Amino acid sequence: MKIFSHKKSQGALSNYPFWICFTIAIGIVSLIIVKIANVGVDEASRIPKDVEDKISLIPRFYSSGDCFAYTDDVGRVHARVIDANEFENVNMGNCFQRSDVRYAFSISLEVPGVVNKGPINTFNWEGGPASKEIKEDVIVFDRIMVGGELEDKCIKGN
Amino acid sequence: MDKENLVLIAIVTLFVSLFVGLTYSQITKYYATGKVALKTAAARDIALTIDSIYASPYDTVIEYDYDLSLFVVDISQNRVTLYDAADTEVDDEYIDSGDNLPSQYSFVSVDDDDLKSVLDRPEHITFYKTNGVLKITS
């Protein structure tokens, strides 16, 4: 066929610069595709705002007996009741074990005029300004039960 | 070069470009909405489920009824990793995978250093937490 026997076309195809440019072009297009696809994958599997920190991670601080939640004499854990005597740095190691999680917390416990404890930091808290402040209403058990506020400062990593 | 040939080359180039363009968009769409996206989303979903179970003060059973039989799920070292099952062999909790792009997401355990589970092509996953100890089976 005449189209494939054209001398200039054959010349271009046997030319090294042509193939180098061709390979670079294919590489650039592939990179663009992978980049666009990765944005698509991230978008499709994006965790909605507040779900990971506020719903999945923070409740352990006031609901887990291995964190700061009050456990009564029969071993029953009371969610949203914080034992002021357990609100210590030493309990944070078990409560929030080492991992590559993207969130770090600094928590304080306050009942105005009665209890003021903290801050207690998770292992990955590096100080500096918090990206978010979350306040949770809790009951504080400190010989007697009083109303209180748990303040979580949160930093989200990348 | 005569005009007839030039037109023919232009038409062929146009069709080839169109074909390549459409194919690339299909590849991108498949990549972004298919197995890779499911693998990424499932790793995150399982990690968040584990975080939520640890946050609960009660004994808990959760049935995660989503077919992940295309993957091998490795839960260890406070991390959920999903491998493509087609490139992965499992031998008694030892994973040998050729998957270059496994999906990973971290969770934070509560007083539990021993959480380890390898689920080979699970069609559903069950999470049991009793007395603060979490077990994960398929």
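Residues numbered from 1 in each chain as written. Chains lettered and ligands numbered in written order. Predicted model: local features only at pLDDT ≥ 70, side-chain atom pairs only at ≥ 80, totals over all residues.

**What about the overall build of chain B?**
The cut-off we apply is this: A helix here means a DSSP run of H or I that spans at least four residues, while a strand means a run of E at least two residues long, and both kinds are numbered starting from the N terminus.
Looking only at helices and strands, chain B features two helices and nine strands. Reading chain B from its N terminus to its C terminus gives the helix and strand order α-α-β-β-β-β-β-β-β-β-β.

**Some words on the overall build of chain A**
Test applied: Between the buried cut of 20 or more and the exposed cut of 12 or fewer other C-beta atoms within 10 Å of a residue's own C-beta lies the partly exposed class, and all C-beta atoms are placed from the backbone. Once C-beta atoms are placed from the backbone, any two residues with those atoms within 7 Å are in contact.
When helices and strands are counted, chain A shows five helices and six strands. Overall, chain A shows an N-to-C arrangement of helices and strands of α-α-α-α-β-β-α-β-β-β-β. Within chain A, the proportion of its 158 residues that are buried is 27%. In chain A, once contacts between residues fewer than 6 apart in sequence are set aside, the share between residues at least 24 apart is 53%.

**Digging into the sheet that holds strand β9 (residues 133-137) of chain B**
All names here are of chain B. For clarity, the cut-off: When DSSP locates at least two bridges between a pair of strands, those strands are taken to pair. Helix axes are fitted to C-alpha atoms over the stretch in contact, other axes to C-alpha atoms as well, and angles between N-to-C directions run from 0 to 180 degrees.
Strand order in the open sheet made by the three strands is β1-β8-β9, with antiparallel pairing throughout. Across the chains shown, the open sheet's two edge strands, defined by having one partner strand only, are β1 (60-64) and β9. Between one strand and the next, the sheet's axes are offset by a mean angle of 10°, whatever the strand orientation. Across five bridges, β1 lies against strand β8 (residues 125-130) in antiparallel orientation. Looking at the pairing, Y64 lines up with I125 of β8.

**A closer look at helix α2 (residues 16-44) of chain A**
Short version of the rule: A helix's residues, less one, multiplied by 1.5 Å, set its expected span.
Helix length check: α2 of chain A (29 residues) gives 42 Å between terminal C-alpha atoms against 42 Å at 1.5 Å per residue, within 8%. The buried count for α2 of chain A comes to one of 29 residues, which makes it a mostly uncovered element.

**Here's the deal with the interface of chain A and chain B**
In many analyses, interface size is given as the accessible surface area lost on bringing the parts together. Basically, it comes down to this: Each residue gets one of three labels, nonpolar for Ala, Val, Leu, Ile, Met, Phe, Trp, Tyr, Cys and Pro, charged for Asp, Glu, Lys and Arg, and polar for the others, Gly among them.
Contacts between the two partners involve 33 residues from chain A, matched on the other side by 31 residues from chain B. Those elements that place two or more of their residues in the side of chain A that touches chain B are α2, α3 (51-57), α4 (59-63), β2 (77-83) and α5 (89-95) of chain A. Considering only residue class, the side of chain A that touches chain B consists of 18 nonpolar, ten polar and five charged.

**Focus: the pairing of strand β6 (residues 103-106) of chain B**
Across a regular strand the side chains alternate sides, sitting on one face of the sheet and then on the other. Residues and elements named next belong to chain B. Only one face of β6 is covered, namely the face carrying S103 and Y105; the face carrying Q104 and S106 is uncovered. Where strand β3 (residues 79-84) lies against β6, four bridges are found, and the strand directions are antiparallel. Looking at the pairing, T81 lines up with Q104 of β6.

**Observations concerning the environment of S56 of chain B**
Residues and elements named next belong to chain B. By the element assignment, S56 lies in the loop between α2 (35-55) and β1. Since 17 C-beta atoms lie within 10 Å of it, S56 is described here as partly exposed. The spacing of S56 and D99 is 43 residues in sequence and 34 Å in space, taken between C-alpha atoms.

**So, the sheet that holds strand β2 (residues 71-76) of chain B**
Residue and element names in this part refer to chain B. The strand order across the open sheet formed by four strands is β6-β3-β2-β7, and the pairing between neighbours is antiparallel. Each edge of the sheet is formed by a strand with only one pairing partner; in this case those strands are β6 and β7 (117-120). Strand after strand, the sheet turns through a mean of 10° between neighbouring axes, direction not considered. Inspection of the sheet shows β2 paired to β3 by six bridges, in the antiparallel sense.

**Section: the confidence of the model for chain B**
Defined as follows: Confidence of the predictor at the level of single residues is captured by pLDDT, which takes values from 0 to 100.
Confidence in the prediction of chain B, expressed as mean pLDDT, is 86, and 90% of residues score 70 or more. Among the prediction metrics, the complex's ipTM stands at 0.73, with pTM recorded as 0.76.

**Some thoughts on the nonpolar core**
The condition that has to hold: What makes a nonpolar core is a set of buried Ala, Val, Leu, Ile, Met, Phe, Trp, Tyr and Cys residues, with links drawn between C-beta atoms within 7 Å.
Counting 54 residues, the largest nonpolar core has F61 and I82 of chain A together with V73 and V80 of chain B as its most contacted members. The element contributing the most residues to this core is α2 of chain B, with eleven residues. Residues contacting V73 of chain B, with those up to four places away along its chain left out, are I46, L68, V80, L82, L119 and P122 of chain B.

**Considerations on unusual backbone geometry**
Across residues other than glycine, the phi torsion is negative in most instances, and most of the peptide bonds are trans. Residue and element names in this part refer to chain A. Phi is positive for D50, which is not a glycine, with a value near 75°. Relative to the elements of secondary structure, D50 occurs in the loop between α2 and α3. Overall, the presence of 12 C-beta atoms within 10 Å leaves D50 in the exposed class.

**Brief notes about the environment of F71 of chain B**
Residues and elements named next belong to chain B. Looking at the element boundaries, F71 is found in strand β2. Taking the C-alpha atoms as reference points, F71 and S97, separated by 26 residues in sequence, lie 11 Å from one another. For F71, the contacting residues outside a window of four places in its chain are K39, A42, L82, Y83, D84 and A85.

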